[in-house]
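# What the coordinates show
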Amino acid sequence: MELAKTTNLIVYNTSGVTVISSQLWPNSCKLVHAFFTYNEMHAIFKFNNLLGKLTENFMNHPITRIILLLVIGIGLANCASAPNQRTTLKKNYDRTAQYHLPDRNPIIVIPGILGSRLVDDESGQTVWGAFRAEYADPRTDEGTRLIALPIDSSSEREFGKVRSDGVLESLELDLIGFPIKVQAYAGILATLGAGGYRDETLGLNSIDYGTDHFTCFQFDYDWRRDLTHNAKALKTFIDEKREEVQKQYEIQYGIKNADVKFDIAAHSMGGILTRYFLRYGEAELPADGSLPELTWAGAKDVERVILVAPPNAGALEAFEQLVNGFNTGRPLLPHYDPAILGTFTSVYQMLPRNRHKSIVWDGNIDDPVIDIFDPSIWQKYGWGLSGQDEKTQRVISRLLPHEKNAKRRTNLAADFQSFALSRAKQFQSALDIEAAPPNGVELILVAGDASETPEILSVNSRSGQVSILRYGVGDDSVLRASALLDERVGGEWSPTLKSPISWTSVMFLPSVHRKITSSPVFEDNVLYWLLEAPRDHLREP
């Protein structure tokens, strides 16, 4: 647990001013608080991984369940006594929060990977967002076909019509037989509520959002899919919300066809999606492998962008999970096989950059893997969809139910993997072009830099096994250097940052990936940026 302590907070901005302040961090709640109030789902998965080390017989014992339920109850009771930081926030921003004239931008909240609920349109079944009786179990044929993306045109008709269905405010699961609800993005949305933003689709009834209902929108998306596809969906979403806001401005203020700009707060993968949208709008990646024209088409709709813990240079965790799968906590919760994750084109797009030399052979940092996007390497070691083992082949047969020939199934899976790797490399190249956003757009970065985070992975050249060789500084999931897209990594060192991203301002927090948006420092600053920070320099006279 965290003890009360004084921590230095460093803020960097392009004007060259560095502000150093002290922030007294409050006592955190007990252990269970740490597991059950994270703003992303990884904490509950890690908790279950610990439980999974116990035998299934022990975990199924009724006494064990009673003890764990008591622990959970005590932990949550302790949390209830924690001081409410938002009471202070409301005092700071109460007057500004009640201001809703058209010169205050509505905000769009974009979650990261796993942060949107997925449902099957045909059956209404939850595909992602609950681990209860009705969820899509990846250990079954039907569950595999729901959670995975189709990997060839013929298989599309065999799969359910899965769509996103709202930002995941909380995650429901059965923990050893007891229903539990884990908060997901409720934290950041509650913070916006304290600032007077309102989203009536959010079920946080205890929050007073004021009287206006059109100032906060949640963009949910299918986080499995190619991020260029989701950028196109974001453009459609913004156009729809602009019309809604314009109608409200006309009704309430008599202003017709108002020039509506949006602010964006995006977390993790949502930050990568946002950056592509700003640069290219709804433009697709060219089929010939070239790069799209950098038009900053999406920036025309946006003014102030807050990117929280974005893996701008990729995340080693993405590579490790494409190789080994995603364990939510066996034996209590399912394991997502690497062949299932291998159908998620978005995960390939978060692989680390070759030039940063973060994946090496046999523990030798002077022998980096030259091209991690080379399909032949994946096929040689049987990673992901290239696996030849019985388990992987069983998953692939579920992914291609119409194809009875095993060799053809193997070839189809390998072809899809090659396509996904090639497209991811093209996507990254499009993002990495050095270019400043147009006048009128600000990019603010919030990143964690106080936790050990995988920095270099080692690949065994004989077996293909992957292991962490070295840890660096980050938020335990995203390296500080990745969030910055720091080009000094793997290249020539210099005392000042080298990045193709022109950051307006950067703030570092001593927090882990899933807790940044619940930090009182983050809450205070994000409301300042959205509500009070001057915008005259962003707007035409």
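Everything numeric in this text was worked out from a predicted model, so none of it was measured.

## Some points on the overall build of the protein chain
- In terms of helices and strands, the protein chain carries 17 helices and 19 strands.
- Within the span of the protein chain, comprising 541 residues, buried residues form 56% of the whole.
- For the protein chain, restricting intrachain contacts to residue pairs at least 6 apart in sequence, the fraction spanning at least 24 positions comes to 72%.

## Comments concerning the sheet that holds strand β7 (residues 162-167)
- Sheet architecture is open: three strands sit in the order β5-β4-β7, paired in antiparallel fashion. Since the sheet does not close on itself, it has two edges, and those belong to β5 (126-128) and β7, each with one partner. With direction set aside, neighbouring strand axes in the sheet form an average angle of 40 degrees.

## Quick notes on helix α8 (residues 227-253)
- Counted at 1.5 Å a residue, the expected span for α8 with its 27 residues is 39 Å, and the 37 Å between its end C-alpha atoms agrees.
- In the segment just after α8, glycine 254 is the residue with positive phi, at about 70 degrees.

## Examining the nonpolar core
- Among the nonpolar cores identified, the biggest contains 101 residues, and Ile108, Ile110, Trp223, Phe319 and Trp383 are the most heavily contacted of them.
- A per-element tally of this core places helix α15 (residues 406-431) first, with eight residues.
- Those residues within four positions of isoleucine 108 in sequence are excluded, and the remaining contacts are Phe217, Phe219, Phe237, Ile238, Phe262, Asp263, Ile264 and Ala265.
- Grouped together as the second largest cluster of nonpolar side chains are 24 residues, Ile306, Val526, Leu530 and Leu531 included.

## Description of the packing of α8 against helix α9 (residues 269-280)
- Close contact between α8 and α9 brings their axes to 9 Å; oriented N to C, the two are set at 75 degrees. Compared by their axis directions, α8 and α9 come out roughly perpendicular. In this structure, α8 uses Leu227, Thr228, Asn230, Ala231, Leu234, Lys235 and Ile238 to contact α9, whose residues at the interface are Met269, Ile272, Leu273, Tyr276 and Phe277.

## Description of the packing of aromatic side chains
- Scanning the model with the defined rule gives 16 aromatic pairs in all.
- Between tryptophan 128 and tyrosine 336, the ring centres sit 6.2 Å apart and the planes meet at 65 degrees, which makes this aromatic pair edge-to-face. Of the two residues, tryptophan 128 is situated in strand β5 and tyrosine 336 in strand β14 (residues 335-336); the sequence distance between them amounts to 208 residues. Note on accessibility: tryptophan 128 and tyrosine 336 belong to one class, buried.
- Ring centres of phenylalanine 219 and tyrosine 221 lie 5.7 Å apart, and the angle between their planes is 15 degrees; this geometry places the pair in the stacked category. Each of the two residues, phenylalanine 219 as well as tyrosine 221, counts as buried.
- Connected via pairs of aromatic rings, a cluster forms that spans Phe319, Tyr348, Trp361, Trp378, Tyr381 and Trp383.
- The aromatic ring of phenylalanine 508 is capped on one face by arginine 480, whose charged end is 4.1 Å from the ring centroid.

## Here's the deal with the packing of α9 against α15
- Running from N to C, α9 and α15 point in directions that differ by 65 degrees, and their axes come no closer than 10 Å. As judged from the angle between their axes, α9 and α15 are roughly perpendicular. Of the two elements, α9 crosses α15, and the hand of that crossing is left-handed. Across the interface between the two elements, Ile272, Arg275, Tyr276, Arg279 and Tyr280 of α9 pack against Phe427, Ala430 and Leu431 of α15.

## Thoughts on the pairing of strand β3 (residues 107-110)
- What you see with β3 is no split at all: Ile107 and Val109 on one side and Ile108 and Ile110 on the other are buried throughout.
- Relative to strand β10 (residues 216-218), β3 is paired through three bridges, and the arrangement is parallel. Bridge pairing links isoleucine 107 to cysteine 216 in β10.

## Re the sheet that holds strand β17 (residues 451-459)
- Spatial strand order, β15-β17-β18: three strands in an open sheet with mixed pairing. Every other strand in the sheet has two partners, leaving β15 (359-361) and β18 (466-474) as the edge strands with one partner each. Pairs of neighbouring strands in the sheet enclose a mean axial angle of 35 degrees, with direction left out of account.
- Both β15 and β17 contribute to a ladder of three bridges, which runs parallel. Among the inter-strand pairings, isoleucine 359 is bridged to a residue of β17, identified as leucine 457.

## Topic: unusual backbone geometry
- The backbone of lysine 357 shows a phi angle near 55 degrees, a positive value even though the residue is not glycine.
- Among the structural elements, lysine 357 can be located in the loop between α12 (345-348) and β15.
- Among the residues examined, lysine 357 registers a relative accessible area of 42% and is labelled partly exposed.
- At leucine 485, a residue that is not glycine, the phi angle is positive and equals roughly 55 degrees.
- The topology assignment puts leucine 485 in the loop between α16 (480-484) and β19 (505-509).
- The exposure class assigned to leucine 485 is buried, which follows from its relative accessible area of 0%.

## Side note on the pattern of salt bridges
- Applying the stated criterion to the full structure yields 26 salt bridges.
- Here aspartate 141 makes a salt bridge to arginine 398, at a shortest N to O gap of 2.7 Å. Of this pair, aspartate 141 sits in helix α6 (residues 141-147) while arginine 398 sits in helix α14 (residues 390-399), and the two are 257 residues apart along the sequence.
- For lysine 241, the salt bridge goes to glutamate 244, with nearest N and O atoms at 3.2 Å. Of the two residues, lysine 241 and glutamate 244 both sit in helix α8, three residues apart, roughly one turn of that helix.
- Taking the relative accessible area as the measure of exposure, lysine 241 reaches 16% and is therefore buried.

## Comments concerning the side chain of histidine 335
- Locating histidine 335 in the fold gives a position in strand β14.
- Residue classification places histidine 335 among the buried residues on the basis of a relative accessible area of 12%.
- Separated by 3.3 Å, the side chain of histidine 335 and the backbone oxygen of asparagine 324 make a polar contact.

## Remarks on the confidence of the model for the protein chain
- Taken over all residues, the pLDDT of the protein chain has a mean of 81, while the share at 70 or more is 74%.
- In the predicted structure, residues 1-41 sits below a pLDDT of 50 and forms 104 contacts with residues beyond four places in sequence or in another chain.
- A low-confidence stretch, residues 50-59 stays under pLDDT 50, and its non-local contacts, those more than four residues away or across chains, total 14 contacts.

The rules we used
For every chain, the first residue of its written sequence is number 1, and the numbers climb from 1 along that sequence. pLDDT decides what is reported in this predicted model: residues at 70 or higher carry local features, side-chain atom pairs at 80 or more are listed and counted, and totals for whole chains, interfaces and linings draw on all residues regardless. As a rule here, side-chain values cover all heavy atoms of the structure and leave hydrogens and water aside. Going along the chain from the N terminus, every DSSP run of H or I of four or more residues is numbered as a helix, and every run of E of two or more is numbered as a strand. Partly exposed describes any residue whose relative accessible area lies between the buried limit of under 20% and the exposed limit of over 50%, with all areas from a 1.4 Å probe on protein chains only and scaled to the type maximum. Whether two residues touch is decided by their heavy atoms; if any such pair falls within 4.5 Å, the residues are in contact. Whether two strands pair comes down to DSSP finding at least two bridges between them. Lines are fitted to the C-alpha atoms to define the axes, a helix being fitted only along its stretch in contact, and any angle between axes, read from their N-to-C directions, falls within 0 to 180 degrees. The length a helix should cover is 1.5 Å for every residue beyond the first. Put simply, a nonpolar core is a bunch of buried Ala, Val, Leu, Ile, Met, Phe, Trp, Tyr and Cys residues held in one set by side-chain atoms that sit within 4.5 Å of each other. Orientation labels follow simple angle bins: below 35 degrees gives roughly parallel, above 145 gives roughly antiparallel, 65 to 115 gives roughly perpendicular, and whatever is left gives oblique. For Phe, Tyr and Trp, where Trp contributes only its six-membered ring, two rings pair if their centres lie within 6.5 Å, and the inter-plane angle classes them as stacked under 30 degrees, edge-to-face over 60, or tilted in between. In this scheme, Lys NZ or Arg CZ marks a charge over a ring once it lies within 6 Å of the ring centre and within 35 degrees of the ring normal. By the definition used in this description, the sense in which the near helix is turned from the far one sets the handedness, with an anticlockwise turn below a right angle giving left-handed and a clockwise turn giving right-handed. Throughout this description, the term salt bridge denotes a Lys or Arg side-chain nitrogen within 4 Å of a carboxyl oxygen of Asp or Glu. Distance and chemistry together define a polar contact, namely a pair of N or O atoms within 3.5 Å, with one atom able to donate a hydrogen and the other to accept it when in protein, and with adjacent residues in sequence counting only for side-chain atoms on both sides. In predicted models, pLDDT denotes the confidence assigned by the predictor to each residue on a 0 to 100 scale.

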